[in-house]
Amino acid sequence: MSRWQNRKTSIYGRLGRLLLLAAAVGILAFLMLYAAGMSLIDRFAWDGNYLAREGQNRADSLQAYIEKNNVSTGDSDKLTVWVKKQAVVAIQIYKDGYLVYDSNYPDEIFDPDEYVLSEETEQYYTLNFSDGSAEVFLYGFYAYQFYNYVLIGDIVVAFAIFFCVVMGGIRRTIHYIRKLSEEIKILEGGDLDYEITVKGRDELAELAEGLNSMRKSFREQNRREEETVKANQRMVTEMSHDLRTPLTAIMLYTEILQNRKYGSEEQMQEYIRKIDEKARRMKLLSDHLFSYSLVHGEKEKQQTEKVLLRAALYDMLSEAASYLEQQGFRLEMEAVWEERYIRIDPDYLGRIFDNLTSNIVKYADRESPVAIRSVYVGSMAGVSFENRKAQQTGREESTGIGLRNVAGMMHKMKGVCKISQTKDSFRIVLLFSGCEKTAELPASGGKKSRSKKRQFE
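All figures in this text were calculated on a predicted structure; none of them were measured in a lab. (Residues numbered from 1 in each chain as written. Predicted model: local features only at pLDDT ≥ 70, side-chain atom pairs only at ≥ 80, totals over all residues. Heavy atoms only, no water.)

(A) Just the sheet that holds strand β4 (residues 132–140), in detail. Across the sheet, four strands lie side by side as β2-β1-β4-β3; this open sheet has antiparallel pairing. The sheet is open, and its two borders are formed by β2 (98–102) and β3 (124–129), each paired with just one other strand. Averaged over all pairs of adjacent strands, the angle between their axes in this sheet comes to 35°, without regard to strand direction. Here six bridges tie β3 to β4, and the two strands are oriented antiparallel to one another. Among the inter-strand pairings, Leu127 is bridged to a residue of β4, identified as Ala134. Docked against the sheet, helix α3 (residues 50–69) engages β1 (89–95), β3 and β4, running at close to 10° with respect to β3. (Pairing = 2+ DSSP bridges. Helix = DSSP H or I, 4+ residues; strand = E, 2+ residues; numbered from the N terminus. Axes fitted to C-alpha atoms, helices over the stretch in contact; angles between N-to-C directions. Contact = heavy atoms within 4.5 Å.)

Now the structure itself:
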């Protein structure tokens, strides 16, 4: 919008044009009313014999004044007093045809040869003075007050029209201002989805657009804050769930050591090492939890490590197998390690296997084996877990937090988490990116491993 358009559509521009229009309408109305009023007064004064009647009334009044005050034609002072009381009357007195008094020049002495009564003068009255009769030429502005009344009335009516035009023109603007005020109160009440009405292209419209922009900004800010709070709560819940898994393992290994259920010194040291590893993992998780609470949510990890497939998963699977066997599970393992690399985050990988083993311990049937197999699909490789579900009678139901954590961490590592389950069975496949394409995804089942050494070599 150009600067000229801004001026034309601004409140100042519209108000200026409105005032000019109102002034033009008021002046036009004044001229028309004044002309009509003058015409009516003239018709009333001249056509209705008003002037003649009023002149006769003034002549009668002067005659009464003369008789009462014994006024002669030479008493200019008394005559002047009467004329001033009449306000709109002037008189000339002719004695024997000569001018002896003129109210316009009351102290003047007139030359008898120059001021004589004209024979054409018809509008005069013969009055009786104390020194004899005389002709009085009486003329007055009898309709003067009517002209004043019409003028004042026309001015008042013209101003009223001007005022009405102005108020009618700004009525829409005032109504719009009131509407904006009501809508602002709606926003103050917290309804940020209510859209402010935008009308026109003036400063009020710009204000309304600004309010709408501010409303959208506040709404977006509130939405982000709500999402941040929810993300923070979700991260705290997930991290809290992940903390429980290594803590359970620590309690198990501690119970083994306290009851001296280990077979040798080497096995005891292995349990101590696992306790230390789990404790360090809990320390790392608690550090992450503290960081998440500071930044209101977990930040995406952008960097992963390129690790040989066997090196990445061997220790994790061995630890998971050992833990599950100690919990009374039978395992069926089939792992083939191809020479390829996958991309992982070690912290995420440890949390994933902790969640999976914890999920199996809680919800798997100990009477049926747990199948663990290596998996290759295209350029991705990983591992699958499959088990039968235990009866849930008298046991807590799953919240699904652990599996959501697993799926979320696999997504952050650019991997894939596939979960399939029925009423009686559960299967999860973890595929990591960064590998060469080889075989297809194996079907459920496979040969049972006969020795633990053979399982991962």
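(B) Main features of the pattern of salt bridges. Counted by the stated rule, this structure contains nine salt bridges. Here Glu220 ties to Arg224 by a salt bridge, and the two come within 3.7 Å at their closest N and O atoms. Taken together, the positions of Glu220 and Arg224, both in helix α6 (residues 203–258) and four residues apart, correspond to about one turn of that helix. Accessibility expressed as a relative area gives 29% for Glu220, which makes it partly exposed. (Salt bridge = Lys/Arg side-chain N within 4 Å of Asp/Glu carboxyl O. Buried < 20%, exposed > 50% of the residue type's maximum accessible area, 1.4 Å probe, protein only.)

(C) Just the sheet that holds strand β6 (residues 331–334), in detail. An order of β6-β8-β9-β11-β10 is seen for the five strands of this open sheet, with the pairing classed as mixed. A strand with exactly one partner marks an edge of an open sheet, and here the two such strands are β6 and β10 (416–421). Averaged over neighbouring strand pairs, the angle between their axes works out to 15° when direction is ignored. Bridge count for β10 against strand β11 (residues 425–432) is six bridges, and the pairing is antiparallel. What sits directly across from Val416, in β11, is Leu431. Strands β8 (370–377), β9 (380–388) and β11 of the sheet are contacted by helix α9 (residues 346–363), whose axis makes an angle of about 15° with β9.

(D) Highlighting the packing of α3 against helix α4 (residues 76–86). Between α3 and α4, whose axes approach to 11 Å, the crossing angle comes to 145°. The handedness of the crossing between α3 and α4 is right-handed. Judged by residue contacts, Arg58, Ser61, Leu62, Tyr65 and Asn69 of α3 engage Lys78, Leu79, Val81, Trp82 and Gln86 from α4. For the contact of α3 with α4, a count of residues per class yields five nonpolar, three polar and two charged. (Left-handed = near helix turned anticlockwise from the far one by under 90°. Nonpolar A, V, L, I, M, F, W, Y, C, P; charged D, E, K, R; others polar.)

(E) Spatial organisation of the packing of aromatic side chains. Scanning all chains against the criterion turns up three aromatic pairs. Summarising the aromatic geometry, the rings of Phe30 and Tyr34 are spaced 5.8 Å apart at their centres and angled 20° between planes, so their arrangement reads as stacked. Of the two residues, Phe30 and Tyr34 both sit in helix α2 (residues 11–47), four residues apart, roughly one turn of that helix. For Phe30, a relative accessible area of 21% puts it in the partly exposed group. The cationic tip of Arg310 hangs over the ring face of Tyr314; the distance from NZ or CZ to the ring centre is 4.5 Å. (Phe/Tyr/Trp six-rings, centres within 6.5 Å; stacked < 30°, edge-to-face > 60°. Lys NZ or Arg CZ within 6 Å of the ring centre and 35° of its normal.)

(F) Quick peek at the pairing of β2. The pairing of β1 with β2 spans four bridges and is classified as antiparallel. Looking at β2, one finds that Tyr94 is bridged to Leu99.

(G) Examining a nonpolar patch on the surface more closely. A surface patch of nonpolar side chains, about 380 Å² in accessible area, is lined by Phe159, Phe163, Met167 and Ile174. Topologically, Phe163 is positioned in helix α5 (residues 144–188). We classify Phe163 as partly exposed; its relative accessible area is 47%. (Patch = residues over 30% accessible without salt bridge, like charges linked within 9 Å, V, L, I, M, F, W, Y side chains within 5 Å. Areas by Shrake-Rupley, 256 points an atom, 1.4 Å probe, with all protein chains shown as cover.)

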